[in-house]
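# Architecture at a glance
If you want the building blocks of each chain, they are given just below.
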Amino acid sequence: MNMLARCVSIIALLYLGAGAMRAQEVWTLHGFDYGLIRTKHIEVDLHTRFRTNQHLTNFQQGRSGAVLRWNAQRRFTAIGGYYFGQQEDGRDEWTNFHRVFGGGEALVHRGERMRLTSRTLVERFIAAPGIDFNRYRQRVRLSVDGKVGPYLSSEWFFDAQGYLSARHGGGIRWKWSSWSWLEAGYLYDDRSSRLGPKRHMIVTQMFFGRPKEAAEKRSDAASSRE
């Protein structure tokens, strides 16, 4: 890891350290994605994520669905998707929910190895008849490209009543190939008093999919036969 990557890692640790000491609980988040469609302009991923509560081994929430990304311009990607999930709201009290979302991600800056992106999403939650609401989220993410590189991310959440939480995180990405990678890191969830205690979170994310180059070659070959 070169000097640039080390600097980003040090900044991430300092950035997270101050707030982390105030957290009262430790939770985990584990995500898995499969790239079903990978073309020059369109990407469709199948997504699954589960969350454990402060006891670490107790399942608290899970969701699955699909995410569509359309590379509308060189520096902007439109995003849309749907999740179905289940969440424990109380002791042995479970609620099913639907989540529809849309927005976009902009490439703010790209250096020789660093990327800075900004993502905005609007989400609609439908949990039961008469129980539905919107949530708004804004994320800024700084990452270092390469086979192994750190990342730093902050995301803010709001609803109709105002501030909900802010999630500040950082970690390391291991890129095994152009179609597979693993991220592991830490996240501090600075939740408002409306939601409950602040949290430490251990986060992992794994991605597998069809190589984009191979997918494009097959698409080109099919087009040439028409």
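Residues numbered from 1 in each chain as written. Predicted model: local features only at pLDDT ≥ 70, side-chain atom pairs only at ≥ 80, totals over all residues. Heavy atoms only, no water.

Glancing now at the pattern of salt bridges. Within this structure, the stated rule accounts for 17 salt bridges. Residue R69 is joined to D45 by a salt bridge in which the shortest nitrogen-to-oxygen separation is 3.0 Å. With R69 in strand 3 (residues 59-73) and D45 in strand 2 (residues 42-52), the pair connects residues that are 24 residues apart, well separated along the chain. With relative accessibility at 27%, the residue R69 sits in the partly exposed group. (Salt bridge = Lys/Arg side-chain N within 4 Å of Asp/Glu carboxyl O. Helix = DSSP H or I, 4+ residues; strand = E, 2+ residues; numbered from the N terminus. Buried < 20%, exposed > 50% of the residue type's maximum accessible area, 1.4 Å probe, protein only.)

Locating R167 in the fold gives a position in strand 9 (residues 162-177). What R167 contacts, discounting residues up to four positions off in sequence, is R51, S153, S154, E155, F157, L187, Y188 and D189. (Contact = heavy atoms within 4.5 Å.)

As paired strands, strand 5 (residues 93-110) and strand 6 (residues 114-128) are joined by twelve bridges and run antiparallel to one another. Opposite H98, over in strand 6, you have I126 as the bridge partner. A loop of three residues connects strand 5 with strand 6, the two strands running antiparallel in sequence. Sheet analysis places strand 6 next to strand 7 (residues 131-144), joined by 14 bridges and oriented antiparallel. Within strand 7, the residue paired with T120 across the bridge is Q138. (Pairing = 2+ DSSP bridges.)

For the coordinates displayed, the defined rule picks out eight aromatic pairs. Judged by centre distance (6.3 Å) and plane angle (20°), the rings of F32 and F50 are stacked. Here F32, found in strand 1 (residues 25-38), pairs with F50, found in strand 2; they are 18 residues apart in sequence, far enough to count as distant. Residue F32 is classed as partly exposed on the basis of its relative accessible area, which comes to 37%. Between F97 and F125 the ring centres are 6.4 Å apart and the planes differ by 45°, which places this aromatic pair in the tilted class. Of this pair, F97 sits in strand 5 while F125 sits in strand 6, and the two are 28 residues apart along the sequence. For the pair F97 and F125, one class covers both residues: buried. The structure contains a cluster of three or more aromatic residues connected by ring pairs, namely F97, F125 and F133. Above the face of the W181 ring, R173 is positioned so that its terminal group lies 4.1 Å from the ring centre. (Phe/Tyr/Trp six-rings, centres within 6.5 Å; stacked < 30°, edge-to-face > 60°. Lys NZ or Arg CZ within 6 Å of the ring centre and 35° of its normal.)

Moving on, we get to the confidence of the model for the protein. Confidence along the protein averages 84 in pLDDT terms, with 80% of residues attaining 70 or more. In the model of the protein, helix 2 (residues 212-225) stands out as the element of lowest mean pLDDT, 43, in contrast to strand 8 (residues 148-159), which has the highest, 96. (pLDDT = per-residue confidence, 0-100.)

Here the focus is a nonpolar patch on the surface. A contiguous nonpolar patch, built from Y34, L36, I37, L46, V148, W174, W176, W179 and F208 and spanning about 770 Å² of accessible area, is present on the exposed surface. If you list the elements that add at least two residues to the nonpolar patch, you get strand 1 and strand 9. Here the nonpolar patch gets three residues from one element, more than from any other, and that element is strand 1. By the element assignment, L36 lies in strand 1. (Patch = residues over 30% accessible without salt bridge, like charges linked within 9 Å, V, L, I, M, F, W, Y side chains within 5 Å. Areas by Shrake-Rupley, 256 points an atom, 1.4 Å probe, with all protein chains shown as cover.)

Side chains on a regular strand alternate between the two faces of the sheet. Strand direction decides the pairing type here: strand 1 and strand 11 (residues 199-209), joined by eleven bridges, are parallel. Opposite H30, over in strand 11, you have T204 as the bridge partner. Note that strand 10 (residues 180-191) and strand 11 share ten bridges and pair antiparallel. Counterpart to Y186 in the pairing with strand 11 is I202.

To continue, consider the environment of Q86. With respect to the secondary-structure elements, Q86 resides in strand 4 (residues 76-90). It is 9.5 Å that separates the C-alpha atoms of Q86 and S64, two residues lying 22 residues apart in sequence. Residue contacts for Q86: discarding those within four places in its chain leaves Q60, Q61, G62, W94, T95, N96 and F97. Side chain to side chain, Q86 and N96 meet in a polar contact 3.2 Å long. (Polar contact = N/O pair within 3.5 Å; in protein donor to acceptor, adjacent residues only side chain to side chain.)

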